[in-house]
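Read off the chains here:
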Amino acid sequence: AADRQDEHTRVCLHAVVATDDPVIGLVDVYSVHMPLSEAARNRTTIEVERFIAESRAGSVQLLLGDMNEEPHNASMRFWSGSTGLLGAGA
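The structure presented is a predicted model; accordingly, all values stated were derived computationally and were not measured.

Enquirer: Would you explain the side chain of N42 in this entry?
Expert: In this structure, N42 sits in helix 1 (residues 38-55). Residue N42 is classed as buried on the basis of its relative accessible area of 18%. Dropping the residues within four chain positions of it, N42 is found in contact with A74, S75 and L85.

As structure tokens, then:
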């Protein structure tokens, strides 16, 4: 959906890293640059969560990057597991 407050295209990159640890094995590393507007950030958070669920190959997933968010806001609370977002996990 278009968002006039944030017309920039954002991306999530995914790399799978093989470790020498037999317990950890593969590690999925995701790097994001989240949108500036809250509405776009919340939509993108749901999209990234679904992408991670569909693409993960290893037992460990790391999400890092520019979240463009404060710790108390909705998408960061979602990533920390303390709240849900409408549409997430569907």
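Enquirer: Explain the pattern of salt bridges to me, please; I cannot follow it from the model alone.
Expert: Side chains that carry opposite charge are capable of pairing whenever their charged atoms lie near each other. Tallied over the entire structure, the rule returns 1 salt bridge. Between R41 and E69 there is a salt bridge, with the nearest N and O atoms lying 2.9 Å from each other. Of this pair, R41 sits in helix 1 while E69 sits in the loop between strand 3 (60-66) and helix 2 (74-80), placing them 28 residues apart in sequence. The pair R41 / E69 is uniform in exposure class, with both members buried.

The rules we used
Residues numbered from 1 in each chain as written. Predicted model: local features only at pLDDT ≥ 70, side-chain atom pairs only at ≥ 80, totals over all residues. Heavy atoms only, no water. Helix = DSSP H or I, 4+ residues; strand = E, 2+ residues; numbered from the N terminus. Buried < 20%, exposed > 50% of the residue type's maximum accessible area, 1.4 Å probe, protein only. Contact = heavy atoms within 4.5 Å. Salt bridge = Lys/Arg side-chain N within 4 Å of Asp/Glu carboxyl O.

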